[in-house]
Amino acid sequence: MMNSHLRQLEDQSVYIFREAYKHFDNLAMLWSMGKDSTVLLWLARKAFFGHVPFPLLHIDTSYKIPAMIEYRDRFAREWRLELVIGQNKEALAKGMNPTLGRVECCTALKTNGLKNLIAEKGYQGIILGVRADEEGTRAKERYFSPRDKHGDWDFREQPPELWDQFKTTFPEGTHIRIHPLLDWTEINIWEYIRAENIPIIDLYFDKGEGTRYRSLGCAPCTTPIKSTARTVDEIIEELRKTTVAERSGRAQDEGRGMELLRKDGYM
Amino acid sequence: MATAIARPTEHLNIVIVGHVDHGKSTLLGRLYADTNSLPEGKLDKVRDICRQQGKAFEYAFLFDAFLEEQEQGITIDTARTFFKWQDRHYIIIDAPGHKEFLKNMISGAARAEAALLVIDAQEGIKEQSKKHGYLLSLLGIRQVAVVVNKMDLVGYRQDVFEAIEKEYREFLSQLKVTPERFVPVSAKLGDNIANKSANMPWYGGTTVLDSLGLFRKETSREQQPLRFPVQDVYKFDARRVIAGRIAAGRVKVGDRLVFSPSNKSALVKTVEAFNVEPVPTEATAGQSTGITLDEQIFIERGEIASREDSAPLVSTTFRCNLFWMGRHPLEVGKKYLLRLATREVECEVAIIHRIIDASDLASRETRTIVGRNEVAELTIRTKAPIAFDLYSDSEVTGRFVLVDQYDVSGGGIMTEMVTDEHTVLREEARQRDIAWVKGDVGADDRARHFGHRAALVLITGGRYTGKSFLARRLEGQLVADGRHSYLLDGANLRRGLDADMAEEDTKETVRRFGEVARLLIDTGLIVVSTTNAFGGADHQAIRTLVHPTPVIAVHMSKAEEEPPPNTDLAFPGPKDYEAIAAQIITELKTRGVLAEALGAKPQFHYSI
């Protein structure tokens, strides 16, 4: 059963999806196969009555956990999704990897991988699953958040956003990041997965070793947490008690990492 | 800790507002710290950063995430934070108090259901304390608790607190806002935030934390008359789904809906949803839903569905209260884009009645511009009629924003409908359309059969400018192309339909002409008309009567001259009629009346 708050979150996200689809001719959505962007994908199917009328982008750093790629290909087939895969081959050829610096690696393989793909395909709107409760700079995001010609985020000059009227007009060469999950919390995501019975990748569950992933990223920079939660119910129960931040297993959040990354166009 | 069973949860959005430096972020930080609501290690992490940078720790740093915010010690942009207390969930929005960031404050406050307004006990009521109070009332936030902060700096004196309470209550009463309570606190020292302060024994009221618990959840808009703004029309599969979010009321299968301002009407056949069992048969206020109709009527984004007996207002002119946050001042006569729910239409400010100086609420001298961060009372005129409500009747369809260039730059609430010169005709058209007895053949059937939609081409201009010649050429070309077209010359009505009338009653002549055109359009024809008798204003009347049929206005003249308002194509000087007819046909294609090629499926701009 869905509680009234989840329903409100769903209604708001669906509204945002439909506004994005109406206003942007060249629209795409990021799918990292994690819980958030999979909920995002599910909400797109809600908004368009089972259809996903735009391509899904996956920025492949080549360091993703293999199970994630299998999962991606399976549901792309089952749900008839249009998949576009981007990779910063140039940086990889030059040997970019996390040992050269985490922020450097994220910037090259994720931020620039995404920017290159946006430039190549001419996307005007990119839908992505960032949430305000994840970390401080995301708490200050807009649902429709403009990026300049270089893909940079000018957080000093964010557009006003009121009464569900969003920034949908923008100069040539710039693009808009669209955030339908901004108001969702980590626990809301899991409650929704339970209510809708969304098939979620099993890396989030303990398989008897006493560990599971709480947040998914690249294999070298994401560490599992100690947990014996084997089901969605058990994860929800665990989250109700925890006081540890969700992204504590994500290396790029250390220090001022996220503010610097996000200013330059990181997700 | 409760078990994982689903339980009723209530979520409330709260905004913290007030003048810069009066301690909003500190209050928020303290609230989290004193209720153990911070993630593990967060407090230590921020203390460490402060130590490294050699500055004193402040609770405000917990949520001022940007480096620049910490360096300047001010909040630049609104942060959404999540807080839970006694089984109730809160999203607390920390809004900036610096006037430079007023648009950020508005973005934060617009989504709130209740507000904490912070006033510094030592500094007292400042400009932004009042402005924020005024904006809360414009944004429709009626639950306000005033937090008088920094009581430690005034020796926790009761008289200081009471003087501020008295002054601010008087101010708010002019806005018809009654604050729920005033709470004296020291956010820095934790007095009356989560814990009752021993320093103010004279205060018998609640702490800030307990005040949150006393805010009520907004009541649902389910019981109000139905307002369903059309967001989009989807045809991904066999279903033709009218998608949108219900602003007020409820809609269920079998209901008869009227769409305004087009006055189209149909029954709800199904309510659509993905992965919902059993399939729903109704949807209520707040829900993003989709419906299908029993008839394939033409509907476009921006129309508002309602019941026949409680339809929204329709006009081109209304009075409103508006706050402006644009980079450039709002100017009388300049064109802006108005957005109301999902409707977008060009508009201009007709009159600035007064600038409301939010600091004293007194009116100032009349002006022709509204500056950044000012609030004004205006009359706005839209290019085409819009459906709306007064804000006091229906919030979502009674408020709008103005877009200047690329940016949402102002927000307003409708306070009064102003009747324009076509109000009477519009009402006639509405009553006529609602009561119209229809056959089983709908507009879409005719469009499919004819390969095009109906439209009206109005050719205007003085004597001997070639209007009639062009009209005949256009009609001939359309029919030769296999379209269905008819030439309607205003003069033809004179001897028949208008034979009972005096020549000079142009108003009635125009009305009859409009109704005849409407009938011909209803048969699915592209009506080409030339009229000498009618001036520009009369053409507007004809548009009102045939609304929402596409109208293409073509103006012919011997030399360069100012064409009548709303002219689509103007042709001054010597003519190549062949080329002009071709240009009009191209325009008919652009407007979605004609399909690109005969035999191709018509691509309509809206519907089907």
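Just so we're clear, the structure is a prediction, and the values are computed from it rather than from any experiment.

Criteria and cut-off values
Residues numbered from 1 in each chain as written. Chains lettered and ligands numbered in written order. Predicted model: local features only at pLDDT ≥ 70, side-chain atom pairs only at ≥ 80, totals over all residues. Heavy atoms only, no water. Helix = DSSP H or I, 4+ residues; strand = E, 2+ residues; numbered from the N terminus. Rg over C-alpha atoms; globule rule 2.2 N^0.38 Å. Buried < 20%, exposed > 50% of the residue type's maximum accessible area, 1.4 Å probe, protein only. Contact = heavy atoms within 4.5 Å. Areas by Shrake-Rupley, 256 points an atom, 1.4 Å probe, with all protein chains shown as cover. Lys, Arg positive; Asp, Glu negative; His and termini not counted. Charge placed at Lys NZ, Arg CZ, Asp CG, Glu CD. Axes fitted to C-alpha atoms, helices over the stretch in contact; angles between N-to-C directions. Left-handed = near helix turned anticlockwise from the far one by under 90°. Buried area = accessible area lost by both parts, 1.4 Å probe. Salt bridge = Lys/Arg side-chain N within 4 Å of Asp/Glu carboxyl O. Polar contact = N/O pair within 3.5 Å; in protein donor to acceptor, adjacent residues only side chain to side chain. Phe/Tyr/Trp six-rings, centres within 6.5 Å; stacked < 30°, edge-to-face > 60°. Pairing = 2+ DSSP bridges. Right-handed = clockwise from strand over helix to strand, strands pointing away. Domains from an automatic or database assignment. Nonpolar A, V, L, I, M, F, W, Y, C, P; charged D, E, K, R; others polar. Expected span 1.5 Å × (residues − 1). Arc of directions from axis to C-beta.

Of regular secondary structure, chain A possesses 8 helices and 8 strands. A compact globule built from 267 residues would reach a C-alpha radius of gyration of about 18 Å, and chain A, at 18 Å, matches this within 12%. Taking the principal axes of the C-alpha coordinates as reference, chain A spans close to 50 × 45 × 35 Å. Relative to its full complement of 267 residues, chain A shows a buried share of 64%. Across chain A, contacts joining residues at least 24 apart in sequence account for 74% of those joining residues at least 6 apart. Summed over its atoms, the accessible surface of chain A is roughly 9,900 Å², and 49% of this surface lies on carbon and sulfur atoms. Separation of charge centres in chain A, based on 39 positive and 40 negative side chains, amounts to 1 Å.

Next up on the list: the overall build of chain B. Helix and strand counts for chain B stand at 14 helices and 28 strands. With the C-alpha coordinates of chain B rotated into their principal frame, the extents come out at 95 × 60 × 45 Å. Expressed as a percentage of its 608 residues, the buried residues of chain B come to 56%. Counting contacts in chain B only where the partners sit at least 6 residues apart, residues at least 24 apart contribute 71% of the total. About 25,600 Å² of surface is accessible on chain B, with carbon and sulfur atoms providing 50% of the total.

The angle between the axes and the distance between the axes are what describe a pair of packed helices. Residue and element names in this part refer to chain B. The contact between helix α8 (residues 423-435) and helix α12 (residues 506-522) brings their axes to 12 Å, and the two run at 35 degrees. Read as a crossing pair, α8 and α12 show a hand that is right-handed. Where α8 approaches α12, its residues Leu425, Glu428, Arg432 and Asp433 are matched on the opposing element by Arg511, Glu515 and Arg518.

To continue, consider the interface of chain B and chain A. Opposite the 79 residues of chain B that make contact, chain A presents 65 residues. When chain B packs against chain A, the two sides together hide about 6,100 Å² of surface, and 52% of this comes from carbon and sulfur. For the salt bridge of B:Arg301 with A:Glu19, the shortest nitrogen-to-oxygen distance reads 2.9 Å. Our count for the chain B to chain A interface comes out at 23 residue pairs in polar contact (both at pLDDT 80 or more).

Among the residues of helix α7 (residues 232-241) of chain A, those classed as buried are A:Val232, A:Ile235, A:Ile236, A:Glu237, A:Leu239 and A:Arg240. Where α7(A) is buried, its residues contact α6 (186-196) and β7 (211-212) of chain A.

Moving on to the pattern of salt bridges. Residues and elements named next belong to chain B. Enumeration over the complete set of coordinates arrives at 59 salt bridges over all chains. As a salt-bridge pair, Asp389 and Arg227 come within 2.7 Å of each other at their nearest N and O atoms. Residue Asp389 is found in the loop between β21 (375-388) and β22 (399-404), and its partner Arg227 is found in the loop between α7 (208-214) and β7 (228-229); the two are separated by 162 residues along the sequence. Exposure remark for Asp389: the relative accessible area of 6% places this residue in the buried category. The class of Arg227 is buried, set by a relative accessible area of 5%. A salt bridge links Asp568 to Arg591; the nearest nitrogen and oxygen atoms lie 3.6 Å apart. A residue pair is termed long-range when its members are at least 10 positions apart, and Asp568 in the loop between β27 (551-557) and β28 (569-572) and Arg591 in the segment after α14 (577-590) qualify at 23 residues. A relative accessible area of 25% places Arg591 in the partly exposed class. Through salt bridges with shared partners, a single ionic network connects Glu428, Asp498, Asp500, Glu508, Arg511 and Arg512.

Moving on to the packing of aromatic side chains. By convention here, two paired aromatic rings are described through the distance between centres and the angle between planes. Applying the stated criterion to the full structure yields 33 aromatic pairs over all chains. Ring centres of A:Phe24 and A:Phe170 lie 5.5 Å apart, and the angle between their planes is 20 degrees; this geometry places the pair in the stacked category. Pair noted here: A:Phe24 is in the loop between α1 (4-23) and β1 (27-30) and A:Phe170 is in the loop between β5 (144-147) and β6 (175-178), with a separation of 146 residues, a long-range link. Just as A:Phe24 is buried, A:Phe170 falls in that class too. Measuring from ring centre to ring centre gives 5.1 Å for B:Tyr32 and B:Phe83, while their planes differ by 50 degrees; the resulting arrangement is tilted.

Moving on, we come to the pairing of strand β3 (residues 83-86) of chain A. Residue and element names in this part refer to chain A. Here β3 shows a clear split, with Val84 and Gly86 buried on one side and none of Leu83 and Ile85 buried on the other. Relative to β3, strand β2 (residues 56-59) runs parallel, the two being bridged by 4 bridges. Within the sheet, the bridge partner assigned to Ile59 lies in β3 and is Gly86. Following the backbone out of β2, through helix α3 (residues 66-78) and into the adjacent parallel β3, one traces a crossover that is right-handed.

On to the sheet that holds β1(A), then. All names here are of chain A. Ordered in space as β3-β2-β1-β4-β6-β5, the 6 strands form an open sheet in which the pairing is mixed. Across the chains shown, the open sheet's two edge strands, defined by having one partner strand only, are β3 and β5. Taken pair by pair, the neighbouring strands of this sheet meet at an average axis angle of 30 degrees, ignoring direction. Pairing of β5 with β6, which is carried by 4 bridges, proceeds in the antiparallel orientation. The residue bridging Arg147 from the neighbouring strand is His175, located in β6. Relative to the sheet, helix α2 (residues 35-47) contacts β1, β2 and β4 (125-127), its axis offset from that of β1 by approximately 140 degrees. Across the sheet, helix α5 (residues 102-121) touches β1, β2, β3, β4 and β6, and the angle it forms with β2 is around 140 degrees.

Once that is clear, we can look at the domain arrangement of chain A. Residue and element names in this part refer to chain A. For chain A, the assigned domains read domain 1 (4-185 + 253-263) and domain 2 (188-252). For the pair domain 1 and domain 2, the summed buried area comes to about 2,900 Å², and 63% of that belongs to carbon and sulfur atoms. Counting across the domain 1 and domain 2 interface gives 7 residue pairs in polar contact (both at pLDDT 80 or more). At 7 residues, α2 tops the list of elements feeding residues into the side of domain 1 that touches domain 2. In terms of residue class, the side of domain 1 that touches domain 2 is built from 19 nonpolar, 6 polar and 13 charged.

This brings us to the pairing of β2(A). Alternating positions in β2(A) separate into two faces, A:Leu56 and A:His58 on one and A:Leu57 and A:Ile59 on the other, with burial throughout. With respect to chirality, the unit in which β1(A) leads through α2(A) into the neighbouring parallel β2(A) is right-handed.

Here we take up the domain arrangement of chain B. You can read the domains of chain B as domain 1 (10-214), domain 2 (228-310), domain 3 (318-420) and domain 4 (440-590). Centre-to-centre, using C-alpha coordinates, domain 1 of chain B lies 42 Å away from domain 2 of chain B.

Residue and element names in this part refer to chain B. Strand order in the open sheet formed by 5 strands is β25-β26-β24-β27-β28, and the pairing between neighbours is parallel. Looking at which strands have only one partner, the edges of the open sheet turn out to be β25 (485-489) and β28. Pairwise comparison of adjacent strand axes, ignoring direction, gives a mean angle of 20 degrees for this sheet. Sitting on the sheet, helix α10 (residues 467-480) touches β24 (455-461), β25, β26 (526-530) and β27, and the angle it makes with β25 is about 160 degrees.

This paragraph deals with α14(B). Residue and element names in this part refer to chain B. The first and last C-alpha atoms of α14 sit 20 Å apart over 14 residues, in line with the 20 Å expected at 1.5 Å per residue. Along α14, the residues that are buried comprise Tyr577, Ile580, Ala581, Ile584, Ile585, Glu587 and Leu588. Taken around the axis of α14, the buried residues stretch over an arc of 155 degrees, which confines them to a single face. In the core, the buried residues of α14 are packed alongside β24, α10, β27 and β28. Backbone geometry just downstream of α14 places Gly592 in the positive-phi region, at approximately 80 degrees.

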